[in-house]
Amino acid sequence: MEAFVSWLNGILWSNPVIYIILGIGLVFSILTRFLQVRLIKDMIMLMFQGRSSDAGVSSFQALSIALSGRVGTGNIAGTATAIAMGGPGAVFWMWAIAFIGASSAFVESTLAQIYKVKQDGLYRGGPAYYIEKGLGIRWFAIAFSIAALLAMALLMPGIQSNSIALGLENAFGVNKSVSGLVIIVLLGFVIFGGVKRIATVAQYTVPFMAIGYILVALIIIGMNITEVPAVFALIFKSAFGADSMFGGIVGSAVSWGVKRGIYSNEAGQGTGPHAAAAAEVSHPAKQGLVQAFSVYIDTLFVCSATAFMILFTGMFNTVGADGAFIVENLKGVEAGPGYTQAAVDAVLPGFGAEFVAVALFFFAFTTIMAYYYMAETNIAYLLRGRNGKIPMFVLKVVILGATFYGAVKEASLAWALGDAGLGLMVWLNLIAIVLLAKPALIALKDYEEQKKQGLDPVFNSKKLGIKNAEYWEDEYSFNHEKEKVS
């Protein structure tokens, strides 16, 4: 099994694929005239605008659901793995893919808003919906839905629950089976409460966990403040092969930085659009910009917090191309949460294991919660017009089972399976957003033109010549007129 998964990952995550992902993000950045810089003020302001409704959630709730998925064990374990396999230079390439990937996140999330539908009283949308409506290729949409279901419900929850269980075992000696049971009981309470409960839990939990984690990182940086120039120099030199120690693994720095960066921030992966479609906004570009900023929050803030804790304290190992250690500061410690634990312990003795265990619990639990929401959206897509109560119940049971299984199995296989699931989604979604970028670019231009006129942008798909956007053609126009009258 492990050999097959490794072979599959070798294809899905080969170097050409990694450079294609970088290239697509760069093309979108150019086509949007680097909106990730130009419109950063709009991104921040729009996060706190909008409102929830019976059918949808507020912009901030949609951002929180998306961040639940983006901010997970990849921010702790994934960042540490990138440093272990690619050296400090991998951190720079994680930043680069976040900056470039913000444009991909904008495109996919704007498309999700343009082609969303109101189904069973709720807004639904995402890659399957925009592939069918925008490209008119139903089999392609079904293929994405199936890949997303496999990834979100079966392959990826195990990575998150495995990290929680390992963290609790290391910090408090809790048996993995006990951790698994606790996780699925709490998860069951949330997901059986529906989309609204997921949004409510996310909007309170996500800001709390991210701010708390970053604060601890700032304390560690503050206590090592004289090392700031040296650490940044190490990151940049290693990224471009200019460091004498890490210069020989610049290829690994790029590869692991991009791979773990994409795994963490999920830009272009096709996960963020599910939450983006649920937002109640007057213009698709608004939520596209909010989701673009979520990539920054994930990588530039949370992943950087992990990287700085590790690098400022020197608590890491790095392996060379020949498998021998270039740096071995932590003998016998496996790449992952152990690096962050050692980093915190180096500055705050006796606090590292507990801190990492709690951080992993919040990060990973909210990610599994978001995975369920994405899986539910794809089940809803496949079952349109049919009674979905039994399939939805089965989905809940499956994701709870996969979560428990992941908590008690080996970490290496869990990560390999997760990489495979992610790779399938990335391939399918990237093809779709490249073919479908035009409506998102039209929406961005329309948003900016209305802003220049001093207006609060409102989307009119008919006026812009965008077809098959039924929600914006019919229901939104009707509701908008009704609001103006009242």
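Residues numbered from 1 in each chain as written. Predicted model: local features only at pLDDT ≥ 70, side-chain atom pairs only at ≥ 80, totals over all residues. Heavy atoms only, no water.

A. Region of interest: helix 7 (residues 89-114). End to end, helix 7 covers 38 Å across 26 residues, agreeing with the expected 38 Å (1.5 Å per residue, within 8%). A bend of about 35° at Gly101 is the largest found in helix 7. The element helix 7 is extensively covered by neighbouring structure, given that 25 of its 26 residues are classed as buried. (Helix = DSSP H or I, 4+ residues; strand = E, 2+ residues; numbered from the N terminus. Expected span 1.5 Å × (residues − 1). Bend = angle between axes of the 7 residues up to and from the residue. Buried < 20%, exposed > 50% of the residue type's maximum accessible area, 1.4 Å probe, protein only.)

B. Highlighting the packing of helix 13 (residues 228-239) against helix 16 (residues 284-313). With their axes 10 Å apart at the nearest point, helix 13 and helix 16 run at an angle of 110° to one another. As judged from the angle between their axes, helix 13 and helix 16 are roughly perpendicular. Counted together, Val228, Val231, Phe232 and Ile235 of helix 13 and Phe308, Leu311 and Phe312 of helix 16 form the full contact between these two elements. In terms of residue class, the contact of helix 13 with helix 16 is built from seven nonpolar, no polar and no charged. (Axes fitted to C-alpha atoms, helices over the stretch in contact; angles between N-to-C directions. Parallel < 35°, antiparallel > 145°, perpendicular 65-115°, else oblique. Contact = heavy atoms within 4.5 Å. Nonpolar A, V, L, I, M, F, W, Y, C, P; charged D, E, K, R; others polar.)

C. Focus on the nonpolar core. Counting 154 residues, the largest nonpolar core has Tyr130, Tyr213 and Met309 as its most contacted members. Ranked by residue count, the leading element in this core is helix 18 (residues 352-382), at 21 residues. Setting aside residues up to four positions removed in sequence, Tyr130 forms contacts with Glu108, Leu111, Ala112, Tyr115, Leu135, Pro273, Asn429, Ala432, Ile433 and Leu436. (Core = buried A, V, L, I, M, F, W, Y, C linked by side-chain atoms within 4.5 Å.)

D. Geometry of the pattern of salt bridges. Under the definition given, this model contains nine salt bridges. For the salt bridge of Glu132 with Arg138, the shortest nitrogen-to-oxygen distance reads 3.2 Å. Judged by its relative accessible area of 37%, Arg138 is partly exposed. (Salt bridge = Lys/Arg side-chain N within 4 Å of Asp/Glu carboxyl O.)

E. Focus on the packing of aromatic side chains. Evaluation of the coordinates by the stated rule reveals 24 aromatic pairs. Measuring from ring centre to ring centre gives 5.6 Å for Phe361 and Phe365, while their planes differ by 10°; the resulting arrangement is stacked. Of this pair, Phe361 and Phe365 both sit in helix 18, four residues apart, roughly one helical turn. Classification of Phe365 by relative accessible area gives buried; the value is 8%. Taken together, the ring pairs connect Phe92, Trp93, Trp95, Phe232, Phe236, Phe240, Phe308 and Phe312 into an aromatic cluster. Sitting over the ring of Tyr123, Lys116 keeps its end group 4.0 Å from the ring centre. (Phe/Tyr/Trp six-rings, centres within 6.5 Å; stacked < 30°, edge-to-face > 60°. Lys NZ or Arg CZ within 6 Å of the ring centre and 35° of its normal.)

F. The packing of helix 7 against helix 16, seen in detail. As a packed pair, helix 7 and helix 16 sit with axes 7 Å apart at the nearest point and diverge in direction by 155°. By the angle class used here, helix 7 and helix 16 are roughly antiparallel. Of the two elements, helix 7 crosses helix 16, and the hand of that crossing is right-handed. Of the residues contributing to the contact of helix 7 with helix 16, the split by class is 20 nonpolar, eight polar and no charged. (Left-handed = near helix turned anticlockwise from the far one by under 90°.)

G. Inspection of the UniProt feature "transmembrane region" (unreviewed entry) in the protein chain at higher detail. Per the UniProt annotation, the sites labelled "transmembrane region" (unreviewed entry) are residues 16-35, 136-157, 177-195, 207-225, 295-316, 355-373, 393-418 and 424-444. Regarding residues 295-316, the helix share stands at 86% and the strand share at 0%, and the terminal C-alpha atoms are separated by 25 Å. Within the segment residues 424-444, helix and strand shares are 95% and 0% respectively, and the terminal C-alpha atoms sit 28 Å apart. (UniProt positions renumbered as here; feature names shortened; annotations may be inferred.)

H. How the structure looks around helix 18. Across its 31 residues, helix 18 extends 45 Å between first and last C-alpha, which sits within 8% of the 45 Å expected from 1.5 Å per residue. The buried fraction of helix 18 is high, at 27 of 31 residues.

I. A look at empty space enclosed by the protein. For the structure on display, the rule yields three cavities of 30 Å³ or more. Counted as a void, the second largest cavity has a volume near 40 Å³. If you go around the second largest cavity, the residues you meet are Ile21, Gly25, Ile97, Gly101, Ser104, Ala267, Gly268 and Leu430. Those elements that provide at least two residues to the lining of the second largest cavity are helix 2 (15-31) and helix 7. At three residues, the largest contribution of residues to the lining of the second largest cavity is made by helix 7. Its residues placed into classes, the lining of the second largest cavity shows four nonpolar, four polar and no charged. (1 Å grid on protein atoms, 1.4 Å probe; cavity = no way out; pocket = protein on both sides within 12 Å on 5 of 7 lines; lining within 4 Å. Points joined across faces, edges and corners; volume = space filled by probe spheres on them.)

J. View of the environment of Phe316. Tracing the backbone shows Phe316 in the loop between helix 16 and strand 3 (317-319). Between the C-alpha atom of Phe316 and that of Ala82, which follows or precedes it by 234 residues, the distance is 11 Å. Leave out the neighbours within four places in its chain, and Phe316 touches Ile83, Pro88, Phe246, Ile310, Leu311, Val327, Glu328, Asn329, Leu330 and Tyr339.

K. Broad picture of the environment of Gly180. Within the element layout of this structure, Gly180 appears in helix 11 (residues 176-191). Note on Gly180: relative accessible area 1%, which makes it buried. Spatially, the C-alpha atoms of Gly180 and Phe404 are 4.8 Å apart, while their sequence positions differ by 224 residues. Once residues lying within four places of it in the same chain are set aside, the contact partners of Gly180 are Phe404 and Ala407.

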